[in-house]
2 protein chains.
Amino acid sequence: MATSEPRATGGDQDPNSANLRPPSGRFLQKNNSLDEKGRLAGQKNLLSCDNSDRDARFRHTETDFSNLFARDLLPAKNGEEPTIQFLLEVVDILTNYVKKTFDRSTKVLDFHHPHQLLEGMEGFNLELSDQPESLEQILVDCRDTLKYGVRTGHPRFFNQLSSGLDIIGLAGEWLTSTANTNMFTYEIAPVFVLMEQLTLKKMREMIGWPGGEGDGLFSPGGAISNMYSVMIARYKYFPEVKTKGMSAAPRLVLFTSEHSHYSIKKAGAALGFGTENVILLSTDERGRVIPADLEAKIIDAKQKGYVPLFVNATAGSTVYGAFDPINEIADICEKYNLWLHVDGAWGGGLLMSRQHRHKLSGVERANSVTWNPHKMMGVPLQCSAILVREKGILAGCNSMCAGYLFQPDKQYDVTYDTGDKAIQCGRHVDIFKFWLMWKAKGTIGFEQHIDKCLDLSQYLYNKIKNREGYEMVFDGVPQHTNVCFWYIPPSLRGMPDGDERREKLHRVAPKIKAMMMESGTTMVGYQPQGTKVNFFRMVVSNSAATQSDIDFLIDEIERLGHDL
Amino acid sequence: MATSEPRATGGDQDPNSANLRPPSGRFLQKNNSLDEKGRLAGQKNLLSCDNSDRDARFRHTETDFSNLFARDLLPAKNGEEPTIQFLLEVVDILTNYVKKTFDRSTKVLDFHHPHQLLEGMEGFNLELSDQPESLEQILVDCRDTLKYGVRTGHPRFFNQLSSGLDIIGLAGEWLTSTANTNMFTYEIAPVFVLMEQLTLKKMREMIGWPGGEGDGLFSPGGAISNMYSVMIARYKYFPEVKTKGMSAAPRLVLFTSEHSHYSIKKAGAALGFGTENVILLSTDERGRVIPADLEAKIIDAKQKGYVPLFVNATAGSTVYGAFDPINEIADICEKYNLWLHVDGAWGGGLLMSRQHRHKLSGVERANSVTWNPHKMMGVPLQCSAILVREKGILAGCNSMCAGYLFQPDKQYDVTYDTGDKAIQCGRHVDIFKFWLMWKAKGTIGFEQHIDKCLDLSQYLYNKIKNREGYEMVFDGVPQHTNVCFWYIPPSLRGMPDGDERREKLHRVAPKIKAMMMESGTTMVGYQPQGTKVNFFRMVVSNSAATQSDIDFLIDEIERLGHDL
């Protein structure tokens, strides 16, 4: 881009500026030539200032984008007007999308198979080419991209742990991308670095670490946050691994529940422990770790000559929403001197609720905590924090002191530069949207959101627990918003338990899900777990969902599944 | 949020909806009560539809946000109007910021020390509280956040490898955050998943892999992309490490230039190799790896009984912008059967330029390549790709086959689900802005941008190479846009070389930089390198920069540094 640029300070002439504009590329100017008069009618006050604020207010007018190209936008000479009009046109598309997202008369998605989209839907061509497209086509591309996507903010989208579309968070993301900076130094992200520091402290206070002391970072997601926890634990007990590698340590083992997120295993593989050294812990029927099993496996590992290092307790498991008993696990970790990590990617948000935070009782005894505001707290993706009780260990583990980035001789207090604590170099600004949401809602706003989601899932649980055609995957009120159940079509209701029924039941949820997606009415996840055949996992984190949407989901499952 | 919600399908009543709205919280409604008439004057056509398109067009009107709160926005009942008005107000702030960013009469930054911002600047309070703030205050917070930040898109911001503010990319990011979805499955990101696939193929074609075959992913940054390359290399030669850990492999060593990015060392530490097993290669005076040194160090490692695994060749080093001789390095890698990775985070963009792509000659022989469009190609942060020549190895290395996320029995071709190839679970949508920019500029648009940036840096080089008061850090035309130089204040010009001069010169760049930041006129980086004292590293990736901005930078350095 930038084939012609403003020359406010004058002087230099870009020799290429003339021939870079193709013959068809017309330029939007204040002094319109006669032949453009018709097209530009009504555009005279394109940039109108209708109040006395320091910032001029832009007026959105009709613009013909068919002869405008990216090269006509800022920093091009006279690019300001087309730039503002183009951005306002995009915003028009986006605000319409937002409006429809919350409208139950619109579909959650308009499903197409990969080959259909690849072949090009009504002119929506995904292929890239050497030559530029007009801005008009770019706007069409934006509309089509949204049209064939999935409305994750729709009140009936229940498919993932992250759902909903928070308006304040959205505004925060728009600002973040406009600021387009990087978290690694205070120098280029002063405000965001401080917001991160204050917000992490607040989160540590909620965890219960004295004075909110400790350390932390926002990372690109829960899997990376969990990976940090394993790295830090290893550095704490075997700091020489940083320089000498895993051969400097004995055979180290990690413990995590068989219901825990696969990222602990991924971290085990990536960091050089090996997945065989990630020992899976048995759970009770509700998916919670059995502490005695942990202790038995620690003893077993020690007897084999291995060195237990790290225990992950899950606060809100992915499928069952189970909370491992942190206090009992912490007792064992203290007894055997192990690092305790709490993976609260999904359940961490419950710390904001006075009614539900007891489910994480003992979290203050953890050495590190993963907590993803982009899940239960409705913050737009991505927003995940790794929080660490011991100060300095994150930097100790990861710092390489790259002189070209982290100069010690800057004029400000360089302890605010966060880059060397991270395994990343550049780091996206994930804090602002979260900070802004916290400002706009207050802690009580998050609490109300969480309490409401949990109320809704209890509503679902109460509705189906004794309903004909439903079987719960586990008994009792769910700990989190996860409600796991089988829908049993009439054809299977009388059938005795056995392989045939199991095989048939295994195929029910995928079939219903496929029909749901094809009709576009709602989305909910399913999966098998252990020996249990495919069941639905309903989760609520979407702030737009109401009891009527829960009712709708159940009606829809029955409508689609009745004749299976 | 979401304390009251629309009830399109009626039925359920949220028992909390009444008491969650504080007494002061007024609600914007179409039927205004009399006492609100004044405040809401002029808002009658809030939602005006002034064309016959399927999408209504919103009109931005004056709204009093002082009594509106986040809870009054969608999904709240009647939340549509305040939602649209709030978003348009935010957009007004953002478009004003965009406009000023390109205006050379505005400062690049308004510098404050951390303690100043923490104390609160003119009511800008970073602290979070239990109670919500009004939307009016939220809008003020947005303005202040931008006010005290750094304009990374300003034509005189040269501080980082990522700079500039691309308008199409910005629009792409706004859309991405509105879509708010996740790359892990085709199911919830059908369009984005296909865009990623097509774009990665296009990038592989530019690398020169036959038919664009291979694999890849967008990752949260160059450091993570480089980490992927080391993981995959290890998996290729020692797949058992995935399950058994590093103890299943001999002592493995990695090779990278002493000028390379620290992320290779960070990966060595994180993945369990140990930084001592990351062997640094000597470079020539231009910062390029000396192939003979690589071969000597391979032989030396083998003689010690270690196993050479991986060589990183840098295409565009961070400080000097040096391109390692890939073909010569590839010869050695073939001879010793080593994985060749090319870190083109900074230099990969030159593949888009017919004039400059020869600098990466041999890249088609690499096994993997890192390429960050968010650097030289001006794509907003974050946008980094790891590209792999061998298909399937990325999945082999990272897959854990989590049944709850990647169900094999979906109705579509699940080979489009990318999640299990990644070390992440959720993955941010980084592709759309890049795809949209490619559409809008075409390949030739990127080429023109890159050629122009390189022309500008050659302009700078020509201007200062023989100018009084300047010394170049290395001789000859820079390979990339990096121009490294010392400014020698008059007081040091006659001084003989020696410790005193070195010590004094070491302090010059930090002092000038501090004054630059405090005056807010421009920003450029400095650092020491090896035995060389602090020097300026000028880089150009900002599409808004012109020769006049280069002139300005030099004038500014001389103005600020003259009396040092």
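Residues numbered from 1 in each chain as written. Chains lettered and ligands numbered in written order. Predicted model: local features only at pLDDT ≥ 70, side-chain atom pairs only at ≥ 80, totals over all residues. Heavy atoms only, no water.

Asker: Even after reading the chapter, I still don't get the overall build of chain A, so can you show me in this structure?
Answerer: When its secondary structure is counted, chain A shows 15 helices and 12 strands. The proportion of buried residues among the 564 residues of chain A is 68%. For chain A, the accessible area works out to roughly 18200 Å², and carbon and sulfur atoms hold 48% of it. (Helix = DSSP H or I, 4+ residues; strand = E, 2+ residues; numbered from the N terminus. Buried < 20%, exposed > 50% of the residue type's maximum accessible area, 1.4 Å probe, protein only. Areas by Shrake-Rupley, 256 points an atom, 1.4 Å probe, with all protein chains shown as cover.)

Asker: I keep staring at the nonpolar core and nothing clicks. Help me out?
Answerer: Nonpolar side chains in soluble globular proteins generally cluster together in the buried interior. Formed by 314 residues in total, the largest nonpolar core has its most connected members in Phe86(A) and Phe86(B). Residues lining this core come from more than one domain, with at least three contributed by each of domain 1 (181-433) and domain 2 (441-561) of chain B. Dropping the residues within four chain positions of it, Phe86(B) is found in contact with Ile167(A), Ile168(A), Ala171(A), Phe65(B), Leu73(B), Leu135(B), Ile138(B) and Leu139(B). By size, the runner-up hydrophobic cluster in this structure holds 60 residues, among which are Val230(A), Leu254(A), Trp339(A) and Val241(B). (Core = buried A, V, L, I, M, F, W, Y, C linked by side-chain atoms within 4.5 Å. Domains from an automatic or database assignment. Contact = heavy atoms within 4.5 Å.)

Asker: Help me understand the interface of chain B and chain A, please; the structure alone is not making it clear to me.
Answerer: Interface extent is often summarised as the accessible area lost during association of the parts. Facing 186 residues of chain B, the contacting portion of chain A comprises 185 residues. Taken together, both faces of the contact between chain B and chain A bury some 16700 Å²; the carbon and sulfur share is 62%. Linking chain B with chain A are eight salt bridges, by the criterion used here. In this structure, Lys244(A) engages Glu276(B) in a salt bridge whose closest nitrogen and oxygen atoms are separated by 3.2 Å. With 17 residues, the top contributor of residues to the side of chain B that touches chain A is helix H2 (residues 80-101) of chain B. By residue class, the composition of the side of chain B that touches chain A is 91 nonpolar, 57 polar and 38 charged. (Buried area = accessible area lost by both parts, 1.4 Å probe. Salt bridge = Lys/Arg side-chain N within 4 Å of Asp/Glu carboxyl O. Nonpolar A, V, L, I, M, F, W, Y, C, P; charged D, E, K, R; others polar.)

Asker: Which parts of the structure should I look at to understand the relation of the copies chain B and chain A?
Answerer: In this arrangement, two copies of a chain are superimposed by a rotation about an axis accompanied by a shift along the axis. Superposition of chain B onto chain A requires a rotation of 180° combined with a translation of 0.0 Å along the rotation axis, giving an RMSD of 0.0 Å. Considering both components of the superposition, the chain copies are consistent with a two-fold axis. No C-alpha of chain B lies nearer the rotation axis than that of Leu271(B), which sits 2.0 Å from it. The share of interface residues of chain B whose copies in chain A are also at the interface is 99%, consistent with both copies meeting through the same surface. (Least-squares fit on C-alpha atoms with pLDDT ≥ 70 in both.)

Asker: Explain the environment of Tyr487(A) to me, please; I cannot follow it from the model alone.
Answerer: Residues and elements named next belong to chain A. Looking at the element boundaries, Tyr 487 is found in strand S10 (residues 483-487). The exposure class assigned to Tyr 487 is buried, which follows from its relative accessible area of 2%. As a C-alpha pair, Tyr 487 and Val 508 span 21 residues in sequence and 7.7 Å in three-dimensional space. Beyond its immediate chain neighbours, meaning those up to four positions away, Tyr 487 contacts Gly 469, Tyr 470, Arg 493, Leu 505, Val 508, Ile 512, Phe 536, Ile 557, Glu 558, Gly 561 and His 562. A polar contact is formed between the side chain of Tyr 487 and the side chain of Arg 493, at a distance of 3.5 Å. (Polar contact = N/O pair within 3.5 Å; in protein donor to acceptor, adjacent residues only side chain to side chain.)

Asker: Explain the confidence of the model for chain A to me, please; I cannot follow it from the model alone.
Answerer: Interpretation of the predicted coordinates at a detailed level should be avoided for regions scoring low in pLDDT. When pLDDT is averaged along chain A, the result is 91; 90% of the residues meet or exceed 70. Across residues 1-53 of chain A, confidence stays below pLDDT 50; counting only partners more than four residues off in sequence or on other chains, it has 99 contacts. (pLDDT = per-residue confidence, 0-100.)

Asker: What should I look at first to understand the sheet that holds strand S8 (residues 384-388) of chain A in this one?
Answerer: Consider a sheet: its strands pair through backbone hydrogen bonds, and that pairing is either parallel or antiparallel. Residues and elements named next belong to chain A. One open sheet accounts for seven strands, arranged S2-S8-S7-S6-S5-S3-S4; its pairing is mixed. On the outer flanks of this sheet lie strand S2 (215-219) and strand S4 (278-281), each paired with one strand and no other. Each strand axis lies, on average, 20° off the axis of its neighbour in the sheet, ignoring direction. Pairing geometry for S2 and S8, over five bridges, is antiparallel. Its bridge partner being in S8, Ser 219 is matched across the sheet by Ser 384. Together, S2, strand S7 (368-371) and S8 form the strand contacts of helix H5 (residues 190-207), whose direction differs from that of S2 by roughly 115°. Across the sheet, helix H8 (residues 263-270) is in contact with strand S3 (252-257), S4 and strand S5 (307-314); its angle to S4 comes to roughly 165°. (Pairing = 2+ DSSP bridges. Axes fitted to C-alpha atoms, helices over the stretch in contact; angles between N-to-C directions.)

Asker: It is not clear to me how the pairing of strand S11 (residues 523-529) of chain B should be interpreted in this structure. Could you clarify?
Answerer: Each regular strand shows side chains that alternate between the opposite faces of the sheet. All names here are of chain B. With six of seven residues buried, S11 lies mostly within the body of the structure. Bridging between strand S1 (residues 157-158) and S11 involves two bridges; their strand directions are parallel. By the bridge assignment for S11, Phe 158 is matched with Val 524. As paired strands, S11 and strand S12 (residues 532-538) are joined by four bridges and run antiparallel to one another. The residue of S12 that forms the bridge with Tyr 526 is Phe 536. Between S11 and S12, which follow one another and run antiparallel, lie two residues, and Gly 530 among them has a positive phi close to 55°.

Asker: Where do I start with the sheet that holds S12(B) in this structure?
Answerer: Residues and elements named next belong to chain B. Across the sheet, which stays open at both edges, the five strands sit in the order S1-S11-S12-S10-S9 with mixed pairing between neighbours. Looking along the sheet, the strands with just one partner apiece sit at the ends: S1 and strand S9 (470-472). Bridge analysis of strand S10 (residues 483-487) against S12 gives three bridges, and the strand direction is antiparallel. What sits directly across from Cys 484, in S12, is Arg 537. Contacts between helix H15 (residues 499-519) and the sheet are confined to S9, S10, S11 and S12, with S11 contributing the most and set at about 155° to the helix. Set on the sheet, helix H16 (residues 547-561) makes contact with S1, S9, S10, S11 and S12; between it and S10 the angle comes to about 25°.

Asker: Got a minute to help me understand helix H12 (residues 431-464) of chain A in this structure?
Answerer: Count 3.6 residues to each turn of an α-helix, and residues three or four apart come out pointing the same way. Residues and elements named next belong to chain A. The end-to-end C-alpha separation of H12 is 39 Å, well short of the 50 Å expected for 34 residues at 1.5 Å each. The largest bend along H12 reaches roughly 90° and is located at Lys 441. Of all 34 residues that make up H12, 27 are buried, and the element is covered over most of its length. (Expected span 1.5 Å × (residues − 1). Bend = angle between axes of the 7 residues up to and from the residue.)

Asker: Would you explain the pattern of salt bridges in this entry?
Answerer: Note that side chains of opposite charge can pair when their charged atoms are close. All names here are of chain B. Applying the stated rule across the entire model yields 58 salt bridges over all chains. Across the pair Lys 147 and Asp 110 runs a salt bridge whose closest N-O atoms are separated by 3.9 Å. Of this pair, Lys 147 sits in helix H4 (residues 135-147) while Asp 110 sits in the loop between H2 and helix H3 (114-119), and the two are 37 residues apart along the sequence. Classification of Lys 147 by relative accessible area gives partly exposed; the value is 34%. With a closest N to O distance of 2.7 Å, Asp 166 and Lys 441 form a salt bridge. Of the two residues, Asp 166 sits in the loop between S1 and helix H5 (167-179) while Lys 441 sits in helix H13 (residues 431-464), which places them 275 residues apart along the sequence. A single burial state applies to Asp 166 and to Lys 441, both of which are buried.

Asker: Explanation requested: the UniProt feature "modified residue: N6-(pyridoxal phosphate)lysine" (unreviewed entry) in chain A in the structure shown.
Answerer: UniProt annotation of "modified residue: N6-(pyridoxal phosphate)lysine" (unreviewed entry) refers to Lys375(A) when read in the numbering used here. Taking relative accessible area as the criterion, Lys375(A) reaches 15% and is therefore assigned buried. (UniProt positions renumbered as here; feature names shortened; annotations may be inferred.)

Asker: Please explain the packing of helix H6 (residues 190-207) of chain B against H13(B) as it appears in this structure.
Answerer: Helix-helix packing: each pair is described by the crossing angle between the helix axes and the interaxial distance. Residues and elements named next belong to chain B. At a minimum axis distance of 9 Å, the contact between H6 and H13 shows a crossing angle of 55°. As far as their axial angle goes, H13 and H6 are oblique. Both H6 and H13 take part in a crossing whose hand is left-handed. Seen from H6, the contacting residues are Phe 192, Met 195, Glu 196, Thr 199, Lys 202, Met 203 and Met 206; seen from H13, they are Ile 431, Phe 432, Phe 434, Trp 435, Trp 438 and Thr 443. Partitioned by chemical class, the residues of the contact of H6 with H13 number nine nonpolar, two polar and two charged. (Parallel < 35°, antiparallel > 145°, perpendicular 65-115°, else oblique. Left-handed = near helix turned anticlockwise from the far one by under 90°.)

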